[in-house]
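An overview of the molecular structure
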Amino acid sequence: MAPGRDAALRAVAVPADHGPDPGPFDAVLLGSAVYAGRWLEPALAYAARYADALRNRPVWLFSSGPIGARPFPPDEPHDTAALVALTGARGHRVLPGRLDTARLTVGERAMVTAMRAPVGDFRDWAEIAAWARQIAAKVTDATAPSAEATQA
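Everything numeric in this text was worked out from a predicted model, so none of it was measured.

Counting its regular elements, the chain contains 7 helices and 6 strands. Secondary structure elements in the chain, listed N-terminal to C-terminal, are α-β-β-α-α-β-α-β-β-α-β-α-α. Expressed as a percentage of its 152 residues, the buried residues of the chain come to 32%. Here the contacts in the chain between residues at least 6 apart in sequence split such that 77% fall between residues at least 24 apart. Accessible surface, the chain: about 9,500 Å² in total, of which carbon and sulfur atoms supply 55%.

The subject of this paragraph is the nonpolar core. Counting 14 residues, the largest nonpolar core has Leu 30, Trp 39, Tyr 46, Leu 54, Val 59 and Leu 61 as the members making the most contacts within it. Elements supplying a minimum of two residues to this core: strand E1 (28–35), helix H2 (41–49) and strand E3 (59–64). With sequence-adjacent residues up to four places away left out, Trp 39 is seen in contact with Leu 30, Gly 31, Ser 32, Ala 33, Val 34, Leu 44, Leu 61, Phe 62, Ser 63, Pro 77, Asp 79 and Leu 83. In this structure, Leu 95, Ile 128, Ile 135 and Val 139 belong to the second largest nonpolar core, which totals 6 residues.

This paragraph deals with the packing of aromatic side chains. If you walk through the whole model with that rule in mind, you get 2 aromatic pairs. With a centroid separation of 4.8 Å and 45° between ring planes, the pair formed by Tyr 46 and Tyr 50 is classed as tilted. Owing to a relative accessible area of 12%, Tyr 50 belongs among the buried residues under this scheme. Relative to Trp 131, the ring of Phe 62 lies with its centre 6.2 Å away and its plane at 75°, an arrangement referred to as edge-to-face. Here Phe 62, found in strand E3, pairs with Trp 131, found in helix H6 (residues 125–143); they are 69 residues apart in sequence, far enough to count as distant. On the accessibility criterion, Phe 62 (24% relative accessible area) is partly exposed.

Attention now goes to the pairing of E3. Pairing geometry for E1 and E3, over 6 bridges, is parallel. Among the inter-strand pairings, Val 28 is bridged to a residue of E3, identified as Val 59. Sheet analysis places E3 next to strand E4 (residues 91–95), joined by 5 bridges and oriented parallel. Its bridge partner being in E4, Leu 61 is matched across the sheet by His 92.

Taken in spatial order, the 4 strands of this open sheet run E2-E1-E3-E4, and their pairing is mixed. The sheet is open, and its two edges are formed by strand E2 (38–39) and E4, each paired on a single side. Judged from the 2 bridges that link them, E1 and E2 form a sheet pairing that is antiparallel. Pairing of Tyr 35 across the sheet is with Arg 38, part of E2. Relative to E1, H2 is tilted by about 145°, and along the sheet it contacts E1 and E2. Across the face of the sheet, helix H4 (residues 80–87) comes into contact with E2, E3 and E4 while running at roughly 160° to E3.

Basis of the calculations
- Each chain has its residues counted from 1, running along the sequence as written.
- Residue-level local features of this predicted model are given only where pLDDT is at least 70; pairs of side-chain atoms are given and counted only at 80 or more, and the full residue set underlies all totals for whole chains, interfaces and linings.
- Excluded from the side-chain calculations are hydrogens and water; all other atoms, namely the structure's heavy atoms, are used.
- In this text, helices come from DSSP runs of H or I with a minimum length of four residues, and strands from runs of E with a minimum of two, each type numbered from the N-terminal end.
- Partly exposed residues are those whose accessible area sits between 20% and 50% of the maximum for their type, while under 20% is buried and over 50% is exposed, using a 1.4 Å probe and protein chains only.
- Two residues form a contact once any of their heavy atoms are found within 4.5 Å.
- Each accessible area is a Shrake-Rupley result for a 1.4 Å probe, and residues are judged covered by the shown protein chains and nothing else.
- Note on terminology: a nonpolar core comprises buried Ala, Val, Leu, Ile, Met, Phe, Trp, Tyr and Cys residues joined through side-chain atoms within 4.5 Å.
- In this scheme Phe, Tyr and Trp rings, the latter by its six-membered ring, pair at centre separations within 6.5 Å, and the angle between planes marks the pair as stacked below 30 degrees, edge-to-face above 60, and tilted otherwise.
- At least two DSSP bridges between two strands are required for those strands to pair.
- Between N-to-C directions, angles span 0 to 180 degrees; the directions come from axes that are lines fitted to C-alpha atoms, helices contributing only their stretch in contact.

Structure representation (structure tokens):
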């Protein structure tokens with residue numbers, strides 16, 4: 001992603017269910033798709049398993065799930081406040097998502113039909129890039145050596 005490269009950062013995308021140790025990373029962005037107002041279990045389990053390590057580094061959370069012209073649903077996922085407290089996250093962002101019925105189970109398709117959820121890709125890549133630039137700036141500020149350290 002260009003915002004990270006522009007700040008001389010390197011990012012690695014790893015699914016939460018692979019359980020990457022956050023220890024070696026300067027910062028962590030942890031996110032999940034949101035279904036029925038909740039994060040997916042692999043992301044919740046990751047946050048719980050590595051809560052101590054996450055609290056000791058810059059963390060930002062994102063939820064991907066609202067869909068439609070006016071994001072649907074309009075409210076925060078139910079897990080947000082608890083996840084922010086658990087991880088010590090510096091922020092949380094709800095990002096519009098994508099609904100592709102071909103990737104859903106029969107039960108999920110029935111729920112989407114019953115809810116009359118709009119189908120399509122509602123991700124806003126410009127918004128995502130702007131948020132990534134904000135985080136990259138904060139991470140580079142946090143990891144840059146202080147004036148005292150560079151003079152020592």
